[in-house]
Amino acid sequence: MKYQNKPIYFLLFVIIFSYSFISTSVIAQEVEYEREFDYAREGEKGPQRWGELKKEWAACKNGEMQSPIDLSDHRVRIIPKLGKVTRSYRTSNATLKNRGHDISLQWDTGKAGSIKINGTEYFLQQCHWHSPSEHIINCRRYDMEMHMVHISTDEKVKNKIAVVGVLYKLGRPDSLLSKLMGHIAAIADKEEEKHLGMTDPTKIKLRSKKYYRYMGSLTVPPCTEGVIWTISKKIRTISRKQVKQLRMSVHDYAEENSRPVQPLNRRGIHLIDGLNTQDRN
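By convention here, each chain's residues receive numbers from 1 onward along its written sequence. Side-chain atom pairs in this predicted model are given and counted only at pLDDT of 80 or more, local residue features only at pLDDT of at least 70, and totals for whole chains, interfaces and linings cover all residues. Think of the side-chain values as coming from all heavy atoms in the structure, minus any hydrogens and water.

In the nomenclature of an unreviewed UniProt entry, the protein is known as Carbonic anhydrase of Trema orientale. UniProt positions are given in the numbering used here, feature names are shortened, and annotations may be inferred rather than shown by experiment. Turning to the protein, the UniProt record has this under Subcellular location (unreviewed entry): "Plastid, Chloroplast stroma". In the Cofactor (unreviewed entry) part of its UniProt record, the protein is described as follows: "Zn(2+)".

Our focus in this paragraph is the overall build of the protein. The numbering of helices and of strands both runs from the N terminus, where a helix is a DSSP run of H or I of at least 4 residues and a strand a run of E of at least 2. Scanning the protein from terminus to terminus reveals five helices and 16 strands. Remark: exposure states derive from per-residue accessible area (1.4 Å probe, protein chains only) relative to the maximum for the residue type, with buried under 20%, exposed over 50%, and partly exposed in between. Across the 281 residues in the protein, those meeting the buried criterion constitute 50%. Residue contacts are defined here by distance: any two heavy atoms, one from each residue, within 4.5 Å place the two residues in contact. Considering only residue pairs separated by 6 or more positions, the protein has 72% of its internal contacts joining residues 24 or more positions apart. With an accessible surface of roughly 14,200 Å², the protein has 52% of that area assigned to carbon and sulfur atoms. To measure how exposed things are, a 1.4 Å probe is used in the Shrake-Rupley method; for residues, cover is taken only from the protein chains shown.

Before going further, it helps to examine the confidence of the model for the protein. Close inspection of predicted coordinates is inappropriate in any region flagged by low pLDDT. For the protein, per-residue confidence averages 87 on the pLDDT scale, and residues scoring 70 or more make up 84% of the total. Scored below 50 in pLDDT, residues 1–26 makes four contacts in the model with residues more than four places away or belonging to other chains. pLDDT: the predictor's confidence for each residue, scored from 0 to 100.

Take the state of the cysteines next. Every disulfide links exactly two cysteines, by a covalent bond between their sulfur atoms. Sulfur atoms of two cysteines make up a disulfide when they are within 2.5 Å. This model, assessed by the stated rule, comprises one disulfide. The disulfide partner of Cys 60 is Cys 223, and the S-S distance across this bridge is 2.0 Å. Taking the torsion about the sulfur-sulfur bond, which here is approximately 95 degrees, the covalent link between Cys 60 and Cys 223 counts as right-handed. A residue pair is termed long-range when its members are at least 10 positions apart, and Cys 60 in helix 3 (residues 59–62) and Cys 223 in the loop between strand 12 (210–217) and strand 13 (225–232) qualify at 163 residues.

This paragraph deals with the pairing of strand 10 (residues 161–170). Of all 10 residues in strand 10, eight are buried; the element is thus mostly enclosed. Only strands that DSSP links by at least two bridges are regarded as paired with each other. Judged from the eight bridges that link them, strand 9 (residues 144–151) and strand 10 form a sheet pairing that is antiparallel. Bridge pairing in strand 10 places Met 148 opposite Val 164. Pairing of strand 10 with strand 13, which is carried by five bridges, proceeds in the parallel orientation. Paired with Ile 161 across the strands is Val 227, a residue of strand 13.

What follows deals with the pairing of strand 2 (residues 85–89). For strand 2, a buried count of four out of five residues is recorded, marking the element as mostly surrounded by other parts of the structure. Note: strand 2 against strand 5 (residues 113–117), five bridges, orientation antiparallel. When the bridges of strand 5 are listed, Ser 88 appears paired with Ser 114.

With that settled, the discussion passes to unusual backbone geometry. Pro 68 follows Ser 67 through a cis peptide bond whose omega is 5 degrees. Assignment of secondary structure puts Pro 68 in the loop between helix 3 and strand 1 (76–78). In this model, Ser 131 is joined to Pro 132 through a cis peptide bond whose omega is -5 degrees. Looking at the element boundaries, Pro 132 is found in the loop between strand 6 (120–130) and strand 7 (136–137). The phi dihedral of Asn 118 is positive, around 55 degrees, even though this residue is not glycine. Position of Asn 118 among the secondary structure elements: in the loop between strand 5 and strand 6. Despite not being glycine, Asn 138 has its phi angle at roughly 50 degrees, a positive value. By relative accessible area, Asn 138 is classed as partly exposed at 40%.

On to the nonpolar core. For our purposes a nonpolar core is just a set of buried Ala, Val, Leu, Ile, Met, Phe, Trp, Tyr and Cys residues, chained together by side-chain atoms within 4.5 Å. Within the largest apolar cluster, 45 residues are counted, with the highest numbers of intra-cluster contacts made by Trp 129, Met 146, Met 148 and Leu 206. Per-element accounting of this core gives the leading share, five residues, to helix 4 (residues 175–186). Apart from the residues lying within four places of it in its own chain, the contact partners of Leu 206 are Arg 87, Tyr 89, Met 146, Met 148, Val 164, Val 166, Tyr 211, Ser 232 and Arg 236.

Position of His 183 relative to the elements: it lies in helix 4. For His 183, a relative accessible area of 29% gives the class partly exposed. Sequence separation between His 183 and Glu 193 is 10 residues, and the spatial gap between their C-alpha atoms is 9.4 Å. Apart from the residues within four sequence positions on either side, His 183 is in contact with Leu 96, Lys 194 and Leu 196.

This next bit is on the packing of helix 4 against helix 5 (residues 240–249). To get an axis, fit a line to the C-alpha atoms, keeping to the stretch in contact for a helix; angles then go from 0 to 180 degrees between the N-to-C directions. Across the interface, helix 4 lies against helix 5 with an axial gap of 10 Å and an inter-helix angle of 30 degrees. Taken together, the axes of helix 4 and helix 5 lie roughly parallel to each other. Every pair of crossing elements has a handedness; the one defined by helix 4 and helix 5 is left-handed. For the pair helix 4 and helix 5, the contacting residues are Leu 177, Ser 178, Met 181, Ile 184 and Ala 185 in the first and Gln 242, Gln 245, Leu 246 and Ser 249 in the second. Here the angle decides the label: under 35 degrees means roughly parallel, over 145 means roughly antiparallel, 65 to 115 means roughly perpendicular, and every other value means oblique. The crossing is said to be left-handed when, going from far helix to near helix, the turn is anticlockwise and less than a right angle, and right-handed when the turn is clockwise.

Encoded structure:
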């Protein structure tokens with residue numbers, strides 16, 4: 001009898017392992033190729049209604065730790081040695097996707113490297129752009145914001161999503177976007193993807209002496225909470241042409257694809273020391 005039970009135990013192990021893996025993917029996944037929401041402020045599918053469109057999106061309406069927020073100086077507490085971020089990226093195959101509501105550059109999770117926050121490793125999944133910026137600093141909204149989304153595959157980790165944000169003002173062109181402009185134009189206004197081959201995420205300029213850190217959510221449905229946000233205090237530059245191309249490439253309802261600022265609800269905002277890099281190619 002004991003030999004007959006072995007296949008059953010093995011099958012149970014496989015089911016449990018598979019469930020945990022799928023759960024991690026679902027928690028970390030933003031909506032892709034989605035026509036069931038938009039950014040019209042007073043529309044039936046606009047940000048004010050996201051939480052009513054699907055029960056799975058209830059956090060968009062009822063959540064207490066929603067993003068984006070206003071990173072005003074009077075709200076910020078300076079903690080120099082809190083949770084430094086160590087970046088360790090590497091070149092990997094990437095795919096450029098037009099998701100309708102944004103343009104996303106995606107890597108195979110685990111192959112493009114990771115960041116470490118307080119000893120926990122979060123693997124780079126994708127980056128995407130919002131215009132104008134979603135987060136504001138001292139009530140100022142900038143021209144563009146980029147999000148680098150990372151996920152943890154550790155079952156013991158409670159907060160499985162970590163996003164690094166960079167804000168941009170008009171000025172000199174962004175070097176990464178300069179290389180992507182032709183590809184972005186090729187998938188303009190189409191829910192399509194383009195394989196780019198080996199792409200180096202270290203080309204994204206992240207170095208900054210200071211970073212904001214707070215607990216929030218995804219800024220698109222399902223508005224999952226428990227996201228660790230790390231936002232560069234240094235404002236980068238982007239050209240007017242690059243902003244225009246990103247806006248023109250998405251669907252009309254998403255040309256301005258930024259969610260309104262959400263209530264802080266007594267959350268802490270910390271200012272921490274800069275990001276350490278150990279990039280490898």
